[in-house]
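Observations on the three-dimensional arrangement
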Amino acid sequence: MKIAIINGPNLNLVGIREPEIYGNRSLADYLQELAQSRSDVEITLFQSNHEGDIIDEIQRVGFSADGIVLNAGAYTHTSIAIADAIRAVTAPVVEVHISDVQSREPFRRISMIKDACVAVIAGHGLRSYNLAIDHILGLKHNG
Ligand code: DQA
């Protein structure tokens, strides 16, 4: 089972950035450990601050991975191009957020990508990524 984790802008700064919202732990470290500890899945990690690079990665992995865990950061709220990329590929995509976007500023309640995704998992801190992987495994097991 191959799962691609794709992170968008500013997620490279989780651990330093607004710790009251995103916590003190480095996301990169957390995901490295997650990739090593989850022997049930083969995980690839990608992060970019650039919209086109995120689209390139969705296209690159989106026909061979069994699922994509995507935290598009602020592009979640703006990017029709990322929504189109999700629709273009065959892998199911789970939209993920560390914070509870529904209880923050009104603009964060809007997701341009959610209708292209199979699920949205938000507000569980870094554990949101683990839950998204479990969701993809559930899709496979339930057909
Ligand atoms: C985020 C929420 C977004 O609104 C924000 O722009 C981010 C991080 C999250 O993981 O909680 O960069 O996607």
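A few points on the structure. Values in this document were obtained by computation on a predicted structure and should not be read as measured data. (Residues numbered from 1 in each chain as written. Predicted model: local features only at pLDDT ≥ 70, side-chain atom pairs only at ≥ 80, totals over all residues. Heavy atoms only, no water.)

Sheet architecture is open: five strands sit in the order 2-1-3-4-5, paired in parallel fashion. Only two strands of the sheet have a single neighbouring strand rather than two, namely strand 2 (42-47) and strand 5 (119-122). Sheet twist, expressed as the mean angle between neighbouring strand axes with direction ignored, is 20°. Where strand 3 (residues 67-71) meets strand 4 (residues 93-97), three bridges bridge the pair, whose relative direction is parallel. Bridge pairing links Ile68 to Val93 in strand 4. (Pairing = 2+ DSSP bridges. Helix = DSSP H or I, 4+ residues; strand = E, 2+ residues; numbered from the N terminus. Axes fitted to C-alpha atoms, helices over the stretch in contact; angles between N-to-C directions.)

This brings us to the pairing of strand 4. Counting buried residues along strand 4, five of its five residues qualify, which places the element largely inside the surrounding structure. Burial along strand 4 is two-sided: Val93, Glu95 and His97 and Val94 and Val96, pointing in opposite directions, are all buried. Since strand 3 and strand 4 lie parallel, the crossover through helix 4 (residues 80-88) that links them has a hand, and here it is right-handed. (Buried < 20%, exposed > 50% of the residue type's maximum accessible area, 1.4 Å probe, protein only. Right-handed = clockwise from strand over helix to strand, strands pointing away.)

Attention now goes to the site of the ligand. As a structural note, the neighbourhood of the ligand is formed by Arg17, Tyr22, Asn71, Gly73, Ala74, His77, His97, Ile98, Ser99, Val101 and Arg108. Between an oxygen atom of the ligand and a main-chain N or O atom of Ile98, the distance comes to 2.7 Å. In this structure, an oxygen atom belonging to the ligand sits 2.6 Å away from a side-chain N or O atom of Ser99. For the ligand, whose unbound accessible area comes to 320 Å², protein coverage reaches 98%. A per-class count over the shell around the ligand returns four nonpolar, five polar and two charged. (Near = heavy atom within 4 Å. Polar contact = N/O pair within 3.5 Å; in protein donor to acceptor, adjacent residues only side chain to side chain. Areas by Shrake-Rupley, 256 points an atom, 1.4 Å probe, with all protein chains shown as cover. Nonpolar A, V, L, I, M, F, W, Y, C, P; charged D, E, K, R; others polar.)

All right, on to the packing of helix 3 (residues 51-61) against helix 4 then. A packed helix pair is summarised by two numbers, namely the angle formed by the two axes and the spacing between the axes. Running from N to C, helix 3 and helix 4 point in directions that differ by 5°, and their axes come no closer than 9 Å. The orientation of helix 3 relative to helix 4 falls into the category roughly parallel. Contacts between helix 3 and helix 4 involve Glu51, Ile54, Ile55 and Ile58 from the former and Ala81, Ile82, Ala85 and Ile86 from the latter. Of the residues belonging to the contact of helix 3 with helix 4, the class tally is seven nonpolar, no polar and one charged. (Parallel < 35°, antiparallel > 145°, perpendicular 65-115°, else oblique. Contact = heavy atoms within 4.5 Å.)

Okay, helix 5 (residues 127-141) next. End to end, helix 5 covers 21 Å across 15 residues, agreeing with the expected 21 Å (1.5 Å per residue, within 8%). In this structure, the buried residues of helix 5 make contact with strand 1 (2-7), helix 2 (27-37), strand 2, strand 3, strand 4 and strand 5. (Expected span 1.5 Å × (residues − 1).)

Here we take up unusual backbone geometry. Look at Asn10: it is not a glycine, yet its phi comes out positive at around 70°. Look at Asn10 and you get partly exposed, because its relative accessible area is 37%. The phi torsion at Glu18 lies on the positive side, around 30°, for a residue other than glycine. Mapped onto the secondary structure, Glu18 falls in the loop between strand 1 and helix 1 (19-22).

None of this, on its own, says anything about what the molecule does.
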